[in-house]
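Here's the letter readout for the chains.
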Amino acid sequence: MNKRVLSFFVIAFLTGCQMRVLNPKSDTADTLTNLIYLSFGIMMLVLIVVFVLFVYFLRKFRERGKAKFNIPPDEKENKWLEITWTIVPVLLLAILAVPTVKATYDLTSKVSGSAGGSKGDAMIVEVVGQQYNWKFTYENGKESYDELVLPVDQEVQFRLTSNDVIHSFWIPNLSGKIDVLPGEMTKLSFEPREEGTYQGKCAEFCGAEHTLMRFETKVMSQQSFENWVQEE
Amino acid sequence: MNGMNVPFIGEVPSDIVVSWIVTILLGAALFWWLTTRRKWPLVWDYMTTTDNRKIGTMYILLSMVFFIRGGIDAMFIRTQLAIPENDFWVFQSQKYNEVFTTHGTVMIFFVSMPLLIGLMNIAVPLQLGANDLAFPYLNAISFWLFVAGGVIFNMAFFFNAAPNAGWTSYAPLATDTFTTGPNNNYYIFGLQVSGLGTIFTAINMIVTIFRLRAPGMKMTRMPLFSWATLITSFLIMIAFPVLTIALLLLMFDRIYGTSFFLGEYGDPVYWQHLFWIFGHPEVYILILPAFGIFSDVISTFSRKRVYGYTSMVVAIALIGLLGFMVWAHHMFTVGLGALANSIFAITTMLIAVPTGIKVFNWLFTMRKGVVRITTPMLFSLGFIPTFVIGGVTGVMLAVAAADYQYHDSYFVVAHFHYTMIGGTILGAFAGIYYWYPKMTGKMLDEKLGKWHFWLFIIGFHLTFMPQHFAGLNGMPRRVYTYTWEDGVFLLNFVSTIGAFLMGASMLFVAWNLYKTHRLTDPVGADPWDGRTLEWTVGSPAPEHPFQPVPQINSIDAYWYSKVERKRLPESEEARPSPIAIQTVAPVLLAGVLIVMSVGFIYGWVWMQIIGGIAALGFFIYRVFNDERKAVYRKEEES
Ligand code: HEM
Ligand SMILES: [Cu+2]
Ligand SMILES: [Cu+2]
């Protein structure tokens, strides 16, 4: 078999079971994954109830034999039933809304928090998106293109802006998206927890080669990072 | 880069050359067919009509043509994405962008909207016991504005200038700084012209529903499709003007050098607000009429009154209202702040409650009924689980923080196809099979209809279920390729197979149409054993069908009259009768607006002036040629 195809099946098997979004490698991504599982669980509950009723009613009340010509009597609505399927969804949504709001506040204050002053020990990386590449500038002025290098276990804060149209910065394993707007600065922060190489992508359609606007994120040990960032 | 390898034939990409040839051949074949079959008088009759049934039928016919167009785009998308690092024909880079932009825009504005509006045209007056829409002339104008918009938008491709900024046309990409050329001007004018027609339809529906209901048909006795139409019309009246304004501002940015969406004083995020203040209500405009169709169909084929009529109406109204309070859920990643994101997350989740109420009411309509599985019912049954899947992923997307992951990924593509195909398109198919006798006097073949359904629904889930996982594995939307390492090959491959199954299912529709019209006899007034007034008039529905007008004493009055083996009582009360005429003015107006739009699209001032003056001329002509004046004068005299 073609080597490429073989390697694909290996990769497909590995990633097939652990989709990037559900395989978090940072604190932020962790929170998001938990939220996704929670909402998925609650929604499965709803789905199952509907499916069971659907199949049951369909099998039980499908016309057959002589019953075909029956005229079923009109029924009065049952108040309790109607109340049930109003209140129960509200409760389920409330259960979902609480962690939603909490996570939204936690993560969003990291995203566009007050001037980023509070996080004293966060490393700052400036990000500039432009058709169709990414520029990363580190604290010491070092620049890299389409390659983001980060130390493990170190909180990093990104300050992002665009030179042209709107882009969106996304590293599925490490955090959700934040849009990158011209003339404005947005923020994002997370703390990578595992060394490795992760895909980064532009998620907002930005023109002809939006597809190719990707970058690679290398999370390495603090020591290797120091060496890399000092390198000319 | 790929963009450099586009195979050119002369100046123009080969796909466009092919489409020229195909269009010329098909056009010639159509011309020949119309001529040898002596169909031109019929064509002329339809072109000049103001009759609601004929206009509705034309809406549906043309939507199906656009459905084929948008569907072919979908096949190109899916073929290009079938395997990693693919190079199918010309569909990479900007070409791919043009394809998904036309696909999305056509499907929303020139397929889903007119399919529903067509069904409203046919069914709503009949359900109410009205003889036509309140303003038949305006209705013809609406339809021909839709035609004009559709022509303008579709013309772009033939002149190698298809829009390329997505159906959302986000600034600043859509401004002339970043997308030069006429491409996105076509988007602006296509939507502007057809949107105007949509607003007129909404006015027409509202007045018809308020003024022309049969005696005794209180609001609380209206069939649910009519209710849905009423509420949808209000949504249109509020949402579409916002689109009009957004498009106007974008046009000024593109053509006259203003900077609403860019630069020191402008802001690209303004566009997103305007677009989604229109756009979110728009998705409810697309779903509510489908809900109405399902309610009527499920009730008819369960031989039972719809369960929870009052809560059904309240739920539609609530969904409509909440629909205006959720637009920023499309903008969670823009950085509006935690408070805004939390509020919009909660309002969005709330919409699930009235939607859930509707689902349970449908289920309980079937309970204790006698459920007959006909083709329209099959589409309605397919809708319930499919739409509920789209609904629950909707709630997942409402979780603002989690949406940072889903946003703009294939998860979203899967979600909105589950709602739009699972809701609107299945609803439109259900409606077409259900009301086909009222349109044409014939009944579509049930067996072929079922083939259509099963292929379509299986193909649908095969296409879109895997896309959830592609999104979770990090595949962004609007990309024309992916790599082997991305690990989304199998998912995409299955998706492509499903898409071709859906395409194949449409062949059964073509076969069905042919078979029905060639080989079957006309049916009577009430082939489905229906419940509402449309089944009391002949098939196809004649012009001015309710003479005399029936007297209505309950919900589903026709059904209860059948149960009691009595005839519907006739009413003495008169209702204002809309006046039908034959006129080419709407067609000519459409032509003039096309000319004017092309003038703006290409910046030809002389053409703008000619088109503008001619359009103004129509208003003056209309002032002096109102067919209603003579009638009113006569009434006053007598
Ligand atoms: C045969 C059926 C269909 C298939 C296979 C299909 C496939 C697709 C795919 C793969 C995309 C994503 C393109 C991309 O992001 O690169 C897409 C986008 C879209 N589709 Fe469909 N689709 C189908 C029918 C429909 C229908 C019936 C509707 C509407 C009622 C619809 C509305 C849209 C919209 C609004 C977009 C977004 C376009 C954009 O990103 O600007 N599609 N479709
Ligand atoms: Cu991009
Ligand atoms: Cu929305």
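Note that the structure is predicted; figures quoted are calculated from it, not measured. (Residues numbered from 1 in each chain as written. Chains lettered and ligands numbered in written order. Predicted model: local features only at pLDDT ≥ 70, side-chain atom pairs only at ≥ 80, totals over all residues. Heavy atoms only, no water.)

The next subject is the overall build of chain A. Along chain A, the regular secondary structure elements total 4 helices and 10 strands. The 232 residues of chain A split such that 49% are buried. Long-range pairs, those at least 24 residues apart, make up 67% of the contacts in chain A between residues at least 6 apart in sequence. For chain A, the computed accessible surface area is about 11500 Å², with 59% contributed by carbon and sulfur atoms. (Helix = DSSP H or I, 4+ residues; strand = E, 2+ residues; numbered from the N terminus. Buried < 20%, exposed > 50% of the residue type's maximum accessible area, 1.4 Å probe, protein only. Contact = heavy atoms within 4.5 Å. Areas by Shrake-Rupley, 256 points an atom, 1.4 Å probe, with all protein chains shown as cover.)

Residues and elements named next belong to chain A. The element strand S7 (residues 175-180) is extensively covered by neighbouring structure, given that 6 of its 6 residues are classed as buried. Pairing between strand S6 (residues 167-171) and S7: 4 bridges, direction antiparallel. When the sheet's bridge partners are listed, Phe169 is paired in S7 with Ile178. (Pairing = 2+ DSSP bridges.)

A word on the site of ligand 1. Residues and elements named next belong to chain B. Every one of the 27 residues lining ligand 1 counts as a neighbour, but Tyr96, His103, Trp167, His417 and Arg478 are closest to it. At 2.6 Å from an oxygen atom of ligand 1 is found a side-chain nitrogen or oxygen belonging to Tyr96. In this structure, a nitrogen atom belonging to ligand 1 sits 2.8 Å away from a side-chain N or O atom of His417. For the shell around ligand 1, the per-class residue count stands at 18 nonpolar, 6 polar and 3 charged. (Near = heavy atom within 4 Å. Polar contact = N/O pair within 3.5 Å; in protein donor to acceptor, adjacent residues only side chain to side chain. Nonpolar A, V, L, I, M, F, W, Y, C, P; charged D, E, K, R; others polar.)

This paragraph deals with the UniProt feature "transmembrane region" (unreviewed entry) in chain A. All names here are of chain A. UniProt feature "transmembrane region" (unreviewed entry): in the numbering of this structure it lies at residues 35-59 and 80-101. Along residues 35-59 one finds 100% helix and 0% strand; the C-alpha atoms at either end are 36 Å apart. Secondary structure content for residues 80-101 is 100% helix and 0% strand, and the end C-alpha separation is 31 Å. (UniProt positions renumbered as here; feature names shortened; annotations may be inferred.)

This next bit is on the sheet that holds strand S4 (residues 147-151) of chain A. Residues and elements named next belong to chain A. One open sheet holds the 5 strands; their spatial order is S4-S10-S9-S6-S7, and the pairing between them is mixed. Whereas interior strands pair on both sides, the edge strands pair on one side only; in this sheet they are S4 and S7. Each adjacent strand pair in this sheet contributes to an overall mean axis angle of 20°, direction not counted. Here helix H4 (residues 222-230) sits on the sheet in contact with S4 and strand S10 (214-220), set at roughly 135° to S4. (Axes fitted to C-alpha atoms, helices over the stretch in contact; angles between N-to-C directions.)

Quick look at unusual backbone geometry now. Apart from glycine, the bulk of residues carry a negative phi angle, and the bulk of peptide bonds sit in the trans form. All names here are of chain B. Residue Pro172 is reached from Ala171 by a cis peptide bond, and omega for that bond is 0°. That bond from Ser539 to Pro540 is cis: its omega, -10°, falls within 30 degrees of zero. Turning to its location among the elements, Pro540 is positioned in the loop between helix H15 (489-519) and helix H16 (557-563). Within the chain, Asp529 stands out as a residue other than glycine whose phi angle is a positive 60°. Taking the relative accessible area as the measure of exposure, Asp529 reaches 26% and is therefore partly exposed.

Quick look at the coordination of the iron atom of ligand 1 now. All names here are of chain B. Protein coordination at the iron atom of ligand 1: the donors are His103 (NE2) and His417 (NE2), at 2.0 Å from the metal. One can describe the donor arrangement at the iron atom of ligand 1 as octahedral, given that its 6 donor atoms subtend angles of 86 to 180° at the metal. In this pair, His103 is assigned in helix H4 (residues 93-128) and His417 in helix H13 (residues 410-440), connecting sequence segments 314 residues apart. What makes His417 buried here is its relative accessible area of 12%. (Donors = N, O, S within 2.8 Å, 3.2 Å for Na, K, Ca; no water. Tetrahedral: all angles 85-135°; square planar, octahedral: opposite > 155°, others 65-115°.)

All right, on to the coordination of the copper ion (ligand 2) then. All names here are of chain A. Within the protein, Cys202 (SG), Glu204 (O), Cys206 (SG) and His210 (ND1) serve as the donor atoms for the copper ion (ligand 2), at 2.1 to 2.6 Å. Coordination at the copper ion (ligand 2) is irregular: its 4 donor atoms span angles of 85 to 128° at the metal. Going along the chain, you hit the donors of the copper ion (ligand 2) in the pattern C-x1-E-x1-C-x3-H. Grouping residues by exposure puts Cys202 and Glu204 together as buried.

A separate point is the pattern of salt bridges. Taken as a whole and assessed by the stated rule, the structure comprises 24 salt bridges over all chains. The residue Lys102(A) makes a salt bridge to Asp106(A) at a minimum N-O spacing of 3.0 Å. Of this pair, Lys102(A) and Asp106(A) both sit in helix H3 (residues 79-112), 4 residues apart, which is roughly one turn of that helix. Given a relative accessible area of 53%, Lys102(A) falls into the exposed group. On the basis of relative accessibility, which here comes to 38%, the residue Asp106(A) falls in the partly exposed class. With its nearest N and O atoms 2.8 Å apart, the salt bridge here joins Arg622(B) to Glu627(B). We note that Arg622(B), like Glu627(B), is buried. (Salt bridge = Lys/Arg side-chain N within 4 Å of Asp/Glu carboxyl O.)

All names here are of chain A. Spatial ordering of the open sheet is given by S3-S2-S1-S5-S8, a layout of 5 strands whose pairing is mixed. Edge strands, defined here as strands with exactly one partner in the open sheet, are strand S3 (143-145) and strand S8 (186-190). Taking each pair of neighbouring strands and ignoring which way they run, the sheet shows an average axis angle of 25°. Note that strand S2 (residues 133-137) and S3 share 3 bridges and pair antiparallel. The partner of Lys135 across the bridge, within S3, is Tyr145.

On the side of chain A, 83 residues touch chain B, which itself brings 94 residues to the contact. In total, chain B and chain A occlude about 7900 Å² of area from one another, counting both sides; carbon and sulfur atoms represent 68% of this. Ranking the residues of chain B by area buried against chain A places Tyr404(B), Gln405(B) and Trp484(B) at the top, with a combined share of 9%. Ionic pairing is found between Arg214(A) and Asp486(B), a salt bridge with its closest N-O pair at 2.4 Å. Connecting chain B to chain A are 24 residue pairs in polar contact (both at pLDDT 80 or more). With 16 residues, the single largest contributor to the side of chain B that touches chain A is helix H10 (residues 338-366) of chain B. Looking at side-chain class alone, the side of chain B that touches chain A contains 56 nonpolar, 25 polar and 13 charged residues. (Buried area = accessible area lost by both parts, 1.4 Å probe.)

Turning our eyes to something else, we now look at the nonpolar core. Residues Val125(A), Tyr138(A), Leu148(A), Phe158(A), Phe169(A), Leu363(B) and Met366(B) are the most contacted members of the largest nonpolar core, which totals 267 residues. Per-element accounting of this core gives the leading share, 20 residues, to H4(B). Of the residues that make up this core, three or more belong to each of domain 1 (2-59 + 79-112) and domain 2 (116-230) of chain A. With 5 residues, the next largest nonpolar core counts Val12(B), Ile16(B), Phe157(B) and Ala162(B) among its residues. (Core = buried A, V, L, I, M, F, W, Y, C linked by side-chain atoms within 4.5 Å. Domains from an automatic or database assignment.)

What follows covers the packing of aromatic side chains. Tallying each qualifying case throughout the model produces 77 aromatic pairs over all chains. Each ring, one from Trp85(A) and one from Phe360(B), has its centre 5.3 Å from the other, and the planes form 10°; the classification is stacked. In this pair, Trp85(A) is assigned in helix H3 and Phe360(B) in helix H10, connecting two distinct chains. Note on accessibility: Trp85(A) and Phe360(B) belong to one class, buried. An aromatic cluster of at least three residues, connected via ring pairs, comprises Phe109(B), Trp167(B), Phe240(B), Phe260(B), Phe261(B), Trp271(B), Phe275(B), Trp276(B) and Phe278(B). (Phe/Tyr/Trp six-rings, centres within 6.5 Å; stacked < 30°, edge-to-face > 60°.)

Quick look at the environment of Gly603(B) now. Considering the arrangement of structural elements, one finds Gly603(B) in the loop between helix H17 (585-602) and helix H18 (605-624). Along the chain, Gly603(B) and Asn185(B) lie 418 residues apart, while their C-alpha atoms are 9.9 Å from each other.

So, on to the confidence of the model for chain B. Residue and element names in this part refer to chain B. Predicted confidence across chain B gives a mean pLDDT of 93, with 98% of residues reaching 70 or more. Mean pLDDT in chain B bottoms out at strand S1 (residues 8-9), which sits at 54, and peaks at helix H7 (residues 224-255), which reaches 97. For the stretch residues 1-7, pLDDT sits under 50, and the model shows 13 contacts to residues farther than four places along the chain or on other chains. Here the complex is predicted with pTM 0.93, and the ipTM for its interfaces comes to 0.91. (pLDDT = per-residue confidence, 0-100.)

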